[in-house]
Amino acid sequence: MNPLRQLTELGQAVWLDFIRRKMLQDGELARLVKEDGLRGMTSNPSIFQQAIGGSDDYDEQLATILTAEPSTTATRLYEALAIEDIRQAADLLLPVYEGTGGDDGYVSLEVSPYLAHDTEATLEEARRLWAAVDRPNLMVKVPGTAAGVPAIEALTADGININVTLLFALADYEAVAQAYVRGLERCTAPERVASVASFFVSRVDSAVDAQLESLAQGAPGHPKSEAARALLGTTAICNAKLAYRRFEEIFRGDAFAALAARGARPQRVLWASTSTKNPAYRDVLYVEQLIGSDTVNTLPPKTLAAFRDHGEAQETLSEDVQQAAERIAALKILGVDLDAVTDRLQADGVAAFARSFDDLLSAVEHKRRAVLATRVPVMALDLGTAQGHLHRRLQDWQDEGFGRRLWLRDPTVFGTDWAPELVDRLGWLALPDSMRSRVPEITAFADEVRSEGFRHILLLGMGGSSLAPEMFQSVFGNAGSGGERWPALTVLDSTHPRAVESVLDSLDLARTLVVVSSKSGSTLETDSLRRILWQRIERAVQTPGDRSPGMHFAAITDPGSSLGALAKAHGYRHLFESPPDVGGRYSALSPFGLVPAALIGVDIAALLDGARAMALASGPDRSEFDNLSLILAAALVVAHKEGRDKLTLRTSPGLSSLPDWLEQLVAESLGKDGKGILPVAGENAPEAADDRLFIAFSLADEDEPEVPEGAPLLHIGLDDASGLGAELFRWELATAAAGAALGVQPFDQPDVQLAKEMAKQAMAGGGDVADHPPTLTGDAASRRSEVESFLSGGDHLVIQAFLAPTDDVAQEVSRLRELLAKRFGRPVTVGWGPRFLHSTGQLHKGGPERGRYLQLVDQPAVDLPVPGTDFDLARLVRGQADGDAAALRHRNRRVLRADLGADAVAALRSLREVLAEAETAGTAVS
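Predicted model, so just to flag it, every value in this text is computed and none were measured.

1. A closer look at the packing of aromatic side chains
Thinking step 1. A complete count under the given rule lists 25 aromatic pairs for this structure.
Thinking step 2. A cation over an aromatic ring shows up here: arginine 404 above the ring of tyrosine 114, its NZ or CZ 3.3 Å from the ring centre.
Thinking step 3. Its guanidinium or amino end placed over the ring of tryptophan 486, arginine 450 lies 4.7 Å from that ring's centre, counting from NZ or CZ.

If you want it as structure tokens, here you go:
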């Protein structure tokens, strides 16, 4: 007789620890039921990973789901595939279920192993899966952890069948059995409920035998232990026999009798992990030695086939129970702590199941991408000596479930100190999906503006409000997808009077739409520019039939801001409100970036599609080793830890404006608490240096940017400009993750506020700013000496140009930068004031104290009063320069000022010539 059928006669049900769609459809499961008396099935993430990733059985269903909804995540795809398998298996086993009166015929589906220590989340998911499968012969698998025990009781009370998994210890079994009993007592129909307690076997022997082997061989200075040798290969079965004895006491005693009278079933013990791990042991050991009534043995296919071939079926569970107890007691005498072993096995089991789930979701994601042929920019990296650390960084993140927790918006991934204020800082994660619903509103507005003959878009904003729009204008220009011309965008983020006049002179204000962009609505620079533009527009539209001034204005701001109220009061053409839980530098894919992009003809839906593709490639169901954004983050972190705390950003021509956006994102997010990464944008390619990581971006039809041969390099290639949306999201997520690893809060900017406060004091003529920084004076020799002394000891130089960034001034500043870089031998960056105050200014004051700050100021030849205030722009820009210098000195930074007078171009040329003469004379900076 078939040994498997003999097990059934002895009261033990045989379940299969495996599932795959093909076996459900080709008759294999039906054959197992008919020939072997199979009475149930179990599944787990590892089994589904093998089934889905290792076959094409599921590709047709995947394609169907993704055709209907391309954004379906890997988690939801897995659930859809698994639920379909579980339903089919349950239907095929329904005759067994009905024929045994509900004792057997079950199929198990596991709740996410990520929830093993979260009672409420386990309850929610178990109930959801129960409803989704909608089969009476489903068992939901719940781990027997401390958090799982109350869930088991509650779910049993709900009438849900539970397969309790990951039980190794007698104490845990006891807790689970009692929870089941309590659940039955609360259940209105206990006769409809079934449950098994999955007690793991072979893993116990693997763990204990390792200790016994050591004792048997004898440690140095200690004799060999024959007692330890005698116990090899016995612990798992002894442990199981004691669990079965406790089962009999609980479910065959008087205490359960009342429930049994109501039709309640005992919670059978299910022997799990029954394949033999040690090749020295009989391959059916954990079947033959664990046979008894009211039990289940779930066998993998290989063990099932082995027992069918040569297994011996006879009652064994009730034999030698006292001897089993004595052997367990003997372990303690030998110094083997079985409780510690089983505790570790459960913890390791939870972690292993989580890793299997990672692998499963990664396999599903690969299938998803293959079906959709989703393209995201390709990243290649060569970190040199830091390459080996990359794996360890990703492994640490995977062990702590970092990617998953970040997407769940768990603020503790950034540290408990900042957790409360970070709850509302993670809205940018949802933008690739949430902004899709706003595309019609934004594009309709852009079409309206274009159709009414507007030729210019003038954006007033600072930092995150201006840098993404400026980048979009540079990358995409003004030709729509059909080649039609759209308005051109000009960003005004300077308060220098000459800069403002230059911009205003270049525009036909009667055909200009002014976009006022500010999260708070109270940014001083933006509000000052708004006041000036309102006055100028009023003057420009006085011809009868002209639009009202308000129809030349639109606003982008947060809900409830002062700018929103002003826009309504002044009759602005449109008010766009942005999600308040998205910070400025993370707002490129919010209305702050998308509205200006649409106004110049950019296909914002395509931008969001790219961002969504990257979000899916970086999502919560991706292994950290397969998460495209976290790989970038890890590269930044490990390079930083090797001393490469400067990113040299290089691009092919079409992406030349991308580094300016990245500069703010990285510098302001990570530059605080004495830490930081310095982005270096717009610099001629330097020689390789031990403090540099090179980042190169290129478009497919352009030459790749120059980088030193052999330097640590991260290269990102975009097929075309539409890939920019993906890249923006990648860098946002990577920067946030890098902040967590570096121990900084990536969403605040405490030192930006310090500079604002000191600027106000400077404009008021008081406070701590009366003591101005050292200023270059005297003859040429003195100036050379001052500069050389100032540069000594720093590891980078920042030119802070509180000047008008007109072409002639910018050219001279660039030449000065090149000269200083050559003289200094270290990175030199340029920030235009007050623009940089809202981007790199945070790093200047909050990052490492190794920078040198050369501040360039002038005396504007023209001035512009700010309507409705008591100050003009010249006073404002000088106050900001004074305030920032004071803030830098307050943070112990070395600052040197060059006051260029009324002719900035001539003064810059003179300063450069003085320094060049010193170089020619062979003077070197120490």
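2. Description of the packing of helix H24 (residues 497-505) against helix H25 (residues 524-540)
Thinking step 1. Taken N-terminus to C-terminus, the directions of H24 and H25 make an angle of 35 degrees; their axes are 12 Å apart at the nearest point. For the pair H24 and H25, the sense of crossing is right-handed. Two secondary-structure elements touch here, H24 through Val500, Glu501 and Leu504 and H25 through Leu529, Ile532, Leu533 and Arg536.
Thinking step 2. Of the residues contributing to the contact of H24 with H25, the split by class is five nonpolar, no polar and two charged.

3. Describing the sheet that holds strand E21 (residues 851-857)
Thinking step 1. The strand order across the open sheet built from four strands is E20-E19-E21-E22, with neighbouring strands paired in parallel fashion. At either margin of the open sheet sits one strand with a lone partner, and together these are strand E20 (828-832) and strand E22 (894-899). Strand after strand, the sheet turns through a mean of 20 degrees between neighbouring axes, direction not considered.
Thinking step 2. For E21 and E22, the ladder comprises six bridges, and the chain directions are parallel. Its bridge partner being in E22, leucine 856 is matched across the sheet by alanine 898.
Thinking step 3. Strand contacts of helix H33 (residues 780-791): strand E19 (796-802), E21 and E22, with the helix running at about 155 degrees to E22, the strand carrying the most contacts.
Thinking step 4. Set on the sheet, helix H34 (residues 807-824) makes contact with E19, E20 and E21; between it and E20 the angle comes to about 155 degrees.

4. Here's the deal with the nonpolar core
Nonpolar side chains tend toward joint burial in soluble globular proteins.
Thinking step 1. Counting residues in each nonpolar core, the largest one holds 123 residues, and the members touching the most others are Met41, Phe48, Tyr78, Leu109, Tyr173, Phe251 and Trp271.
Thinking step 2. Per-element tally for this core: the top contributor is helix H6 (residues 74-99), with twelve residues.
Thinking step 3. Not counting residues up to four positions away in its chain, the partners in contact with methionine 41 are Trp15, Leu16, Phe18, Ile19, Met23, Leu29, Ala89, Leu93, Tyr106, Val107 and Ser108.
Thinking step 4. Within the second largest apolar cluster, 102 residues are counted, among which are Leu383, Ala554, Ile604 and Leu665.

5. Quick word on the environment of glutamine 289
Thinking step 1. As for its position among the elements, glutamine 289 is in the loop between helix H14 (285-288) and strand E8 (295-299).
Thinking step 2. The spatial distance from the C-alpha of glutamine 289 to the C-alpha of threonine 316 is 5.5 Å, given a sequence separation of 27 residues.
Thinking step 3. The residues contacting glutamine 289, other than those within four sequence positions of it, are Ile237, Lys241, Thr316 and Leu317.

6. Some details on the packing of helix H23 (residues 464-476) against helix H27 (residues 591-599)
Thinking step 1. Running from amino to carboxyl end, H23 crosses H27 at an angle of 35 degrees, the nearest separation of the two axes being 8 Å. Between H23 and H27 the crossing geometry is right-handed. Taken together, the residues of H27 that come into contact with H23 (itself represented by Ser465, Pro469 and Phe472) are Phe592, Gly593, Pro596 and Ala597.
Thinking step 2. For the contact of H23 with H27, a count of residues per class yields five nonpolar, two polar and no charged.

7. What to know about the sheet that holds strand E17 (residues 692-699)
Thinking step 1. With mixed pairing, the five strands of this open sheet are ordered in space as E9-E18-E17-E15-E16. Each having just a single partner strand, strand E9 (378-382) and strand E16 (678-681) make up the two edges of the open sheet. Going from strand to strand, the sheet's axes swing by 20 degrees on average, the running direction of each strand aside.
Thinking step 2. Taken together, the six bridges between strand E15 (residues 646-651) and E17 define a ladder with parallel strand orientation. Opposite threonine 651, over in E17, you have phenylalanine 697 as the bridge partner.
Thinking step 3. Sitting on the sheet, helix H30 (residues 658-670) touches E15, E16 and E17, and the angle it makes with E16 is about 170 degrees.

The rules behind these values
- Residues numbered from 1 in each chain as written.
- Predicted model: local features only at pLDDT ≥ 70, side-chain atom pairs only at ≥ 80, totals over all residues.
- Heavy atoms only, no water.
- Phe/Tyr/Trp six-rings, centres within 6.5 Å; stacked < 30°, edge-to-face > 60°.
- Lys NZ or Arg CZ within 6 Å of the ring centre and 35° of its normal.
- Axes fitted to C-alpha atoms, helices over the stretch in contact; angles between N-to-C directions.
- Helix = DSSP H or I, 4+ residues; strand = E, 2+ residues; numbered from the N terminus.
- Left-handed = near helix turned anticlockwise from the far one by under 90°.
- Contact = heavy atoms within 4.5 Å.
- Nonpolar A, V, L, I, M, F, W, Y, C, P; charged D, E, K, R; others polar.
- Pairing = 2+ DSSP bridges.
- Core = buried A, V, L, I, M, F, W, Y, C linked by side-chain atoms within 4.5 Å.
- Buried < 20%, exposed > 50% of the residue type's maximum accessible area, 1.4 Å probe, protein only.

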